[in-house]
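Structural overview for review
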Amino acid sequence: MTVVFGIFLLTLLVITALGIVRTRNLFVAVMLLGIFSLLIAINFFILDAADVALTEAAVGAGISTVLFLGALALTSERERLGTRHRWLSLAVVASATLVVLYATFDKPRFGDPGAPVHQHVAPWYLEKTPEYIGIPNVVTAVLGSFRGYDTLGEVFVVFTAGIGVLFLLSARRGGARRGAPDYRAPGERDASGIGLREHVIPRVVGRLVVPFILLFALYVQFHGEYGPGGGFQAGALFAAAFILYALVEGEDRTLAALPQSWLHALMVGGALLYGGVGLAGIALGSNFLDYSVLAADAVAGQHLGIILIELGVGMTVTGTLLSIFHAFAARDRA
Amino acid sequence: MELLGLYHYWVFVVLLMIGFYAVVAKVNLIKKLIGLSLFQSAVFLLYITMSKVSGGTAPIVLPGMVDPVYSNPLPQVLILTAIVVGISTLALGLGIVVRIKEEYGTTEEHEIQEIDRR
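Quantities reported herein were computed from a predicted structural model and do not represent experimental measurements.

Another aspect to go through is the overall build of chain A. Helices and strands together make up the secondary structure of chain A, namely 13 helices and zero strands. Secondary structure elements of chain A, listed N to C terminal, follow the sequence α-α-α-α-α-α-α-α-α-α-α-α-α. In terms of overall dimensions, chain A has C-alpha extents of about 65 × 55 × 40 Å along its principal axes. In chain A, buried positions account for 44% of the 334 residues. Long-range contacts, defined here as pairs at least 24 residues apart, represent 71% of the contacts in chain A between residues at least 6 apart.

Laid out in structure tokens, this is it:
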């Protein structure tokens, strides 16, 4: 039954992707991309990757859609010219498809436990996690402890991308509009920032849902060692809650609740917290990012270290995603 | 049934190439970024497909399970972080497109090239 459902979902994915590429209306393409993300998240769930499904649903269907819409508001919704060199591109893509399809016949069959990918370190992770780390969720253990360097790098990539967006979008507009003063009356200016406050249904539903999203984000953050969850997912959920609030109540109120300076502090503080936990390992006489020495008992130390670095990850992801969102939204109103 | 075991990989290839087509053939910069997102999602699907073990369950070790089979946690970890990094780089790309639109007044690739040639 699951196999049939899986095949159905995969086929839907291909159909959605074709729709995304064919439509000339970019708004439709972005909406379809959100559906595509939800479908692929369900697929991940069927494939036993609960953590990944949670991340994809929050990031792909939620935040990436909002960012694309923000960018569309600043550019244009219609794709004017479609394709160039269509037949040449199709020929290149078709030949590449054939080559890669041919290569798939050498792949191990779906779900084969004897596949090379399952022979290397993965069994060791599954076997040793209860002994060394003492937490049930092996994904969190690998993410936070065994491959802590990797995750540290990823956090800094997120951080750097956030800085890049802030740099790009805080530059002043070029051309005729440069420095044009805002002649509108203060009341009028405020009217542009009220979001959907005049629409009853989005406002009521939004207000009802936001606290629960925040609560769920906290649960995902601190329950990540036991069930699917962790800093990346929680950060995306926190950001989604505030973005929803901003859409319903307007930018100004959101920035009053969580000012930009706090967001910057979250971005920097999270990355520093992660690095600091790593350095604490050195200071206590072990290696960088070795949490065993953080507490008297090695397993308790690992547990503490993972909680701290997950907190750092969550802070950086929340701060970065929200800063990026505000940067796009502020550009929209400038 | 033997070939059905490859269906996931075929979907991966098709999605990858649909994304690739959007990147090379489409003129609009935002559409190119959408194509890049599709391409990226296809790679995620490949990794997660490879992590699946038949009859397995999510890699969360609970006491009291009799002879459990877990799917591979490693590809899941890699993709989990890749998704969040992906959205950050996507935001960077969108930021660049927005700045291009402000400076050139268009997001269509060859119009930008024409303005540059002048």
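This brings us to the overall build of chain B. When you go through chain B residue by residue, the secondary structure sums to four helices and zero strands. Along the chain direction, N to C, the helices and strands of chain B fall in the order α-α-α-α. Taken against the 2.2 N^0.38 rule, which gives 13 Å for 118 residues, the C-alpha radius of gyration of chain B at 20 Å runs more than 25% over that of a compact globule. Overall size of chain B, expressed as C-alpha extent along the three principal axes, is 70 × 35 × 15 Å.

We now examine helix α2 (residues 26–46) of chain A. Compared with an ideal rise of 1.5 Å per residue, which puts 21 residues at 30 Å, α2(A) spans 30 Å between its outermost C-alpha atoms and is within 8% of the ideal. All buried positions along α2(A) are accounted for by A:Leu26, A:Ala29, A:Val30, A:Leu32, A:Leu33, A:Phe36, A:Ser37, A:Leu39, A:Ile40, A:Ala41, A:Asn43 and A:Phe44. Where α2(A) is buried, its residues touch α1 (2–22) and α3 (50–74) of chain A together with α2 (29–51) of chain B. A positive phi of about 75° marks A:Asp48, the residue just after α2(A).

This brings us to the interface of chain A and chain B. On the side of chain B, 73 residues touch chain A, which itself brings 89 residues to the contact. Sorting elements by how many residues they give to the side of chain A that touches chain B places α3(A) first, with twelve residues. Class assignment of the residues belonging to the side of chain A that touches chain B gives a composition of 55 nonpolar, 21 polar and 13 charged.

With that out of the way, let us pick up the domain arrangement of chain A. Accessible area lost during the coming together of the parts is what is often quoted as the interface size. Residues and elements named next belong to chain A. Domain assignment breaks chain A into domain 1 (1–82), domain 2 (88–119) and domain 3 (124–173 + 187–334). The distance between the C-alpha centroids of domain 1 and domain 3 comes to 23 Å. Taken together, the contacts link 14 residues of domain 1 with 18 residues of domain 3. Residues belonging to the side of domain 1 that touches domain 3 are distributed by class as follows: ten nonpolar, three polar and one charged.

A separate point is the nonpolar core. In terms of nonpolar packing, the biggest core is built from 129 residues, with A:Ile63, A:Leu67, A:Ala71, A:Ala236, A:Leu237, A:Ala240 and B:Leu15 touching the most fellow members. Apart from residues no more than four positions distant in its own chain, A:Leu67 is found in contact with A:Ile324, A:Phe325, A:Phe328, B:Leu90, B:Ala91 and B:Leu94.

Residues and elements named next belong to chain A. In this structure, Leu-266 sits in helix α12 (residues 260–283). Measuring from C-alpha to C-alpha, the distance between Leu-266 and Leu-208 comes to 26 Å, with 58 residues separating the pair along the chain. Leaving out residues up to four positions away in the same chain, Leu-266 has contacts with Met-315, Thr-318 and Gly-319.

Here we take up the confidence of the model for chain A. Residues and elements named next belong to chain A. Taken over all residues, the pLDDT of chain A has a mean of 87, while the share at 70 or more is 93%. Within chain A, helix α8 (residues 186–191) has the poorest average pLDDT of any element, 46, and α2 the best, 94. Below a pLDDT of 50 lies the segment residues 175–193, which in the model reaches nine contacts outside its immediate sequence neighbourhood of four places, other chains included.

Residue and element names in this part refer to chain A. One non-glycine residue, Asp-48, lies in the positive phi region at around 75°. Tracing the backbone through its elements, the reader meets Asp-48 in the loop between α2 and α3. Phi at His-85 is positive, roughly 50°, even though this residue is not glycine. Along the chain, the position of His-85 falls in the loop between α3 and α4 (86–104).

The rules behind each value
- Residues numbered from 1 in each chain as written.
- Chains lettered and ligands numbered in written order.
- Predicted model: local features only at pLDDT ≥ 70, side-chain atom pairs only at ≥ 80, totals over all residues.
- Helix = DSSP H or I, 4+ residues; strand = E, 2+ residues; numbered from the N terminus.
- Buried ≥ 20, exposed ≤ 12 C-beta atoms within 10 Å, placed from the backbone.
- Contact = placed C-beta atoms within 7 Å.
- Rg over C-alpha atoms; globule rule 2.2 N^0.38 Å.
- Expected span 1.5 Å × (residues − 1).
- Nonpolar A, V, L, I, M, F, W, Y, C, P; charged D, E, K, R; others polar.
- Domains from an automatic or database assignment.
- Core = buried A, V, L, I, M, F, W, Y, C linked by C-beta atoms within 7 Å.
- pLDDT = per-residue confidence, 0-100.

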